[in-house]
Amino acid sequence: FPDYTRKLNIVDSDDHALFISLGCALENLIIAANYFGYSASVEYFPKDEEEECIRITLTNAKVVYDDNLFNAISNRQTTRSKFANTKIPLEDLKKLEQVSNQDSVSLVVFKEEKEIDPIIEFVKEANKLQFQNKLFVNELISWIRFNRKEALARLDGLNPKSLGFPFIPKWLGKLFLNVFATPNSEAKKSEKLIRGSSALLLFVAQTDSKEAWVKLGQSFERVVLKATTLNIKH
């Protein structure tokens, strides 16, 4: 079920990110079920349910599964610091493309500088627009769990370590973001991070629907789990 108590009204006003994250959780569940000897049949938003949801039916079965993908679930981590700018082998990129297969979702890979440069400008402009919006900044602050106690109590949000800084008092975190996270500084930081990357992956939902968003989340999760098994940071 989507958990609307964790809805982010500013950055995700149409709930697309919420349903993408639901797709990530669904893909983890399917991979884990396969690992433990179950096939997983998925129904997206069945009409006979009172509330919108995804229904998964598990059946004992001999299924083909990838041990490495299952083990990657607990190891996968988003990296928000600068990459090593080491080229990813083409055969590894092809492996990521191969596991991305999902109905109504396509994956576009950008490797060349001439392809990436225009995207950088879009990302920089997006960063500026977001960080000029005080409501967005306040929502971001509310979603960061600055100290360990809050992180354990809430079990959601952004962990400071994933953002590159240690657990700190909430008042200090708020001060830091309000002073240093300016529109221009965030735009420059995003450009630096992209230019240090080996490739960009763009996941595209073919339709603007909740089911397509969920499937995009599934595609994304499988790709980043596969990347984790290949020691590729994302």
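Please read these numbers as outputs of a predicted model, since none were measured by experiment.

What counts, and at which threshold
Residues numbered from 1 in each chain as written. Predicted model: local features only at pLDDT ≥ 70, side-chain atom pairs only at ≥ 80, totals over all residues. Heavy atoms only, no water. Helix = DSSP H or I, 4+ residues; strand = E, 2+ residues; numbered from the N terminus. Buried < 20%, exposed > 50% of the residue type's maximum accessible area, 1.4 Å probe, protein only. Contact = heavy atoms within 4.5 Å. Areas by Shrake-Rupley, 256 points an atom, 1.4 Å probe, with all protein chains shown as cover. Patch = residues over 30% accessible without salt bridge, like charges linked within 9 Å, V, L, I, M, F, W, Y side chains within 5 Å. Salt bridge = Lys/Arg side-chain N within 4 Å of Asp/Glu carboxyl O. Polar contact = N/O pair within 3.5 Å; in protein donor to acceptor, adjacent residues only side chain to side chain. Core = buried A, V, L, I, M, F, W, Y, C linked by side-chain atoms within 4.5 Å. Phe/Tyr/Trp six-rings, centres within 6.5 Å; stacked < 30°, edge-to-face > 60°. Axes fitted to C-alpha atoms, helices over the stretch in contact; angles between N-to-C directions. Parallel < 35°, antiparallel > 145°, perpendicular 65-115°, else oblique. Left-handed = near helix turned anticlockwise from the far one by under 90°. Nonpolar A, V, L, I, M, F, W, Y, C, P; charged D, E, K, R; others polar.

Engineer: Help me out: how do you make sense of the overall build of the chain in this one?
Structural biologist: A count of helical and extended segments in the chain gives nine helices and four strands. The linear arrangement of helices and strands in the chain, starting from the amino end, is α-β-β-α-α-β-α-α-α-α-α-β-α. Its C-alpha atoms give the chain principal-axis dimensions of roughly 55 × 45 × 35 Å. Counting only residues that meet the buried cut, the chain has 36% of its 234 residues in that class. Within the chain, counting contacts between residues at least 6 apart in sequence, those at least 24 apart form 66% of the total. By element, 54% of the accessible surface of the chain is carried by carbon and sulfur atoms, the whole surface being about 14,200 Å².

Engineer: Just to check I follow, could you spell out a nonpolar patch on the surface for this structure?
Structural biologist: A contiguous nonpolar surface patch, about 630 Å² in accessible area, is contributed by Trp171, Leu172, Leu175, Phe176, Val179 and Phe180. Within the fold, Phe180 resides in helix α7 (residues 170-180). Overall, Phe180 belongs to the exposed group, its relative accessible area being 53%.

Engineer: Mind showing me how you'd approach unusual backbone geometry here?
Structural biologist: Trans is the common state for peptide bonds, and a negative phi is the common state for residues other than glycine. One non-glycine residue, Ser104, lies in positive phi territory at about 65°. Look at Ser104 and you get partly exposed, because its relative accessible area is 28%. Its identity is not glycine, yet Leu155 carries a phi of approximately 55°, on the positive side. Considering the arrangement of structural elements, one finds Leu155 in the loop between α6 (148-154) and α7.

Engineer: In this structure, what is going on with helix α5 (residues 134-143)? I would like to understand it.
Structural biologist: Helical periodicity: at 3.6 residues per turn, an α-helix aligns residues three or four positions apart in one direction. All of the buried residues along α5 are Phe136, Val137, Glu139 and Ile141. Packing partners of the buried residues in α5 comprise α4 (113-131) and α7. At the N-terminal boundary of α5, the capping side chain belongs to Asn133, with an oxygen 2.9 Å from the backbone nitrogen of Leu135.

Engineer: Please explain the side chain of Asp156 as it appears in this structure.
Structural biologist: Secondary-structure assignment places Asp156 in the loop between α6 and α7. Given a relative accessible area of 14%, Asp156 falls into the buried group. Among the polar contacts made by the side chain of Asp156, one reaches the side chain of Arg6 at a distance of 2.9 Å.

Engineer: Help me understand the nonpolar core in this model?
Structural biologist: Across soluble globular proteins, you tend to see nonpolar side chains buried next to one another. Within the largest apolar cluster, 23 residues are counted, with the highest numbers of intra-cluster contacts made by Phe19, Leu26, Leu96, Val214 and Val223. The set of elements that each furnish at least two residues to this core consists of α1 (16-35), α3 (90-99), β3 (105-110) and α9 (210-229). When residues in this core are grouped by element, the largest group, six residues, is from α1. In this structure Val223 touches Leu96, Val99, Ser100, Leu107, Leu201 and Phe203, once residues within four positions along its chain are discounted. In terms of nonpolar packing, the next biggest core, distinct from the first, is built from eleven residues, Phe146, Leu158, Ile168 and Leu177 among them.

Engineer: How should I be thinking about the packing of aromatic side chains in this particular structure?
Structural biologist: We describe a pair of aromatic rings using the distance from one ring centre to the other and the angle between the two ring planes. For the structure shown, the criterion picks out nine aromatic pairs. A ring pair is formed by Tyr35 and Tyr65, whose centres lie 5.7 Å apart and whose planes are at 75°; its orientation type is edge-to-face. Of this pair, Tyr35 sits in helix α1 while Tyr65 is found in the loop between β2 (54-60) and α2 (67-73), placing the two residues 30 residues apart along the sequence. The class for Tyr35 is partly exposed, based on a relative accessible area of 29%.

Engineer: Please explain the packing of α4 against helix α8 (residues 183-195) as it appears in this structure.
Structural biologist: Axis angle and axis distance: for two packed helices, these are the angle between their axes and the distance between the axes, and together they describe the pair. Contact geometry for α4 and α8: axes closest at 8 Å, N-to-C directions at 150°. Classed by the angle they form, the pair α4 and α8 counts as roughly antiparallel. Relative to α8, α4 is oriented so that their crossing is right-handed. Contacts from Ile116, Asp117, Ile120, Val123, Lys124, Asn127, Lys128 and Phe131 of α4 reach α8 at Pro183, Asn184, Glu186, Ala187, Ser190, Glu191, Ile194 and Arg195. The residue makeup of the contact of α4 with α8, split by class, is seven nonpolar, three polar and six charged.

Engineer: Mind showing me how you'd approach the environment of Thr229 here?
Structural biologist: Residue position: Thr229 is located in helix α9. Its relative accessible area of 31% is what places Thr229 among the partly exposed residues. A polar contact is formed between the side chain of Thr229 and the backbone oxygen of Lys226, at a distance of 2.6 Å.

Engineer: Please clarify how the pattern of salt bridges should be interpreted in this entry.
Structural biologist: Where charged atoms from two side chains of opposite charge approach closely, those side chains can pair. Inspection of the entire model under this criterion finds 18 salt bridges. Residue Glu221 pairs with Arg76 through a salt bridge whose shortest N-O separation is 3.6 Å. One end of the pair, Glu221, is in helix α9; the other, Arg76, is in the loop between α2 and α3, and 145 residues separate them in sequence. Here Lys189 ties to Glu186 by a salt bridge, and the two come within 3.5 Å at their closest N and O atoms.

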